[in-house]
Amino acid sequence: MKFVMTQAVCPEGLALLEGVAEVYVADNQDPNNYLDQMADADALIVRIARCDGHAIENSPNLKVIGRTGVGYDTVDVAKATELGIPVVITPGANNRSVAEHAVAMMFALSKNLVEAQNEMCAGNWEIRGARKAFELEGKTVGVIGMGAIGRETAKICQGCGMKIAGYDPFLSRERIESMGAEYYADYEDLLKEADIVTIHVPLTDGTRDMISMKQLKLMKKTALIVNCSRGGIVNERDLVEALKAGIIAGAGTDVFCNEPPKTDDPLLNCPNLLVSPHSAAQTREAVIKMAQMCVNGCLAVCRGEKWPFVANPKVYEHPRWNP
């Protein structure tokens, strides 16, 4: 058995393959650049990388694609499904890490910590009087996407004395209200009321640019927005313009349309913006859980088992799985 990895998983994940499979670590984001290695690969594990249809079609022995995370927009799932290849994901493995990161961004922004440190280190003690800091207790956090990560984020915020407004088109009013959140059927109405907006939805055709200038203008001028989900959900150009014009007070993003962003990217030179390098899920605990769950899922599929945690459950209707 052969496993190809775009980048190596952590040692705890690799240990599961010792004596079980040959492992090739490409350290390259595009499997098309090493199709010679993909030719006899049973499994491909995709980390910070892409796997398009061409790479899948030209990997004749491929049985499974693994993603060390819950998002799968970087994999051509349709092509994988067409060929009977499950795309293993790791739901739940990084819920707490991402939620804590989102809340950490809320605290850092609400206390103006980044500007305060930069200005103080430059000799500007008077930054202490910037009057940008505010308390989070009693503020309303609008959670867009009340899935596992959104719910965990809401739980932490509630523990800090914040009120929750929830939007999720796949959940009923009763379900959202049972979490102690105020229900919103329209996310644009939520944007008008929230002091902080935190985004926890996947990147799809329906969510791309769901926060653009129109939506940013609906928000309070004192509001913050945090995105620890996927780049492209918030229109980056519009966000930069909104921050520079004071349309909203601040933003935090862990994700970008182009990763890694270039040093001259406007997002990296924008006022009142806190950034991190797509690292919300990169805590020690989450990295181990994601790697082990992904590797175990890929091994199970290679053994012919129908692993439940896949992005494309309909793949099991393929003739490959029903001889």
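Residues numbered from 1 in each chain as written. Predicted model: local features only at pLDDT ≥ 70, side-chain atom pairs only at ≥ 80, totals over all residues. Heavy atoms only, no water.

## Remarks on the overall build of the chain
Stage number 1. Summing up its helical and strand segments, the chain has 12 helices and 12 strands in all.
Stage number 2. Relative to the compact-globule value of 20 Å for 323 residues, the chain shows a C-alpha radius of gyration of 21 Å, a close match.
Stage number 3. Principal-axis analysis of the C-alpha atoms places the extent of the chain at approximately 65 × 50 × 30 Å.
Stage number 4. Element-wise, carbon and sulfur atoms account for 51% of the exposed surface of the chain, whose accessible area totals about 15,400 Å².
Stage number 5. For the chain, the centre of its 33 positive side-chain charges and the centre of its 41 negative side-chain charges are spaced 4 Å apart. (Helix = DSSP H or I, 4+ residues; strand = E, 2+ residues; numbered from the N terminus. Rg over C-alpha atoms; globule rule 2.2 N^0.38 Å. Areas by Shrake-Rupley, 256 points an atom, 1.4 Å probe, with all protein chains shown as cover. Lys, Arg positive; Asp, Glu negative; His and termini not counted. Charge placed at Lys NZ, Arg CZ, Asp CG, Glu CD.)

## A word on helix H5 (residues 95-110)
Stage number 1. Between its terminal C-alpha atoms H5 stretches 23 Å, which fits the 22 Å expected from 16 residues at 1.5 Å a residue.
Stage number 2. In terms of residue burial, H5 counts as a mostly covered element, since 12 of its 16 residues are buried.
Stage number 3. The set of residues buried in H5 consists of Asn95, Ser97, Val98, Ala99, His101, Ala102, Val103, Met105, Met106, Ala108, Leu109 and Ser110.
Stage number 4. The positive-phi residue at the C-terminal boundary of H5 is Asn112, with phi of around 55°. (Expected span 1.5 Å × (residues − 1). Buried < 20%, exposed > 50% of the residue type's maximum accessible area, 1.4 Å probe, protein only.)

## Observations concerning the pairing of strand E1 (residues 2-5)
Along any regular strand, the residues point their side chains to alternate faces of the sheet.
Stage number 1. Neither face of E1 is open: one carries Lys2 and Val4, the other Phe3 and Met5, and all of them are buried.
Stage number 2. In the sheet, E1 pairs with strand E3 (residues 43-46) via three bridges, with the strands oriented parallel. Bridged to Phe3 within E3 is Ala43. (Pairing = 2+ DSSP bridges.)

## Some thoughts on the packing of H5 against helix H7 (residues 148-159)
Stage number 1. It is the contact of H5 with H7, at a shortest axis distance of 8 Å, that shows an interaxial angle of 50°. Judged on the interaxial angle alone, H7 and H5 are oblique. The way H5 lies across H7 gives a crossing that is right-handed. Counted together, Asn95, Arg96, Val98, Ala99, Glu100, Ala102, Val103 and Met106 of H5 and Ala148, Ile149, Glu152, Thr153, Lys155, Ile156 and Cys157 of H7 form the full contact between these two elements. (Axes fitted to C-alpha atoms, helices over the stretch in contact; angles between N-to-C directions. Parallel < 35°, antiparallel > 145°, perpendicular 65-115°, else oblique. Left-handed = near helix turned anticlockwise from the far one by under 90°. Contact = heavy atoms within 4.5 Å.)

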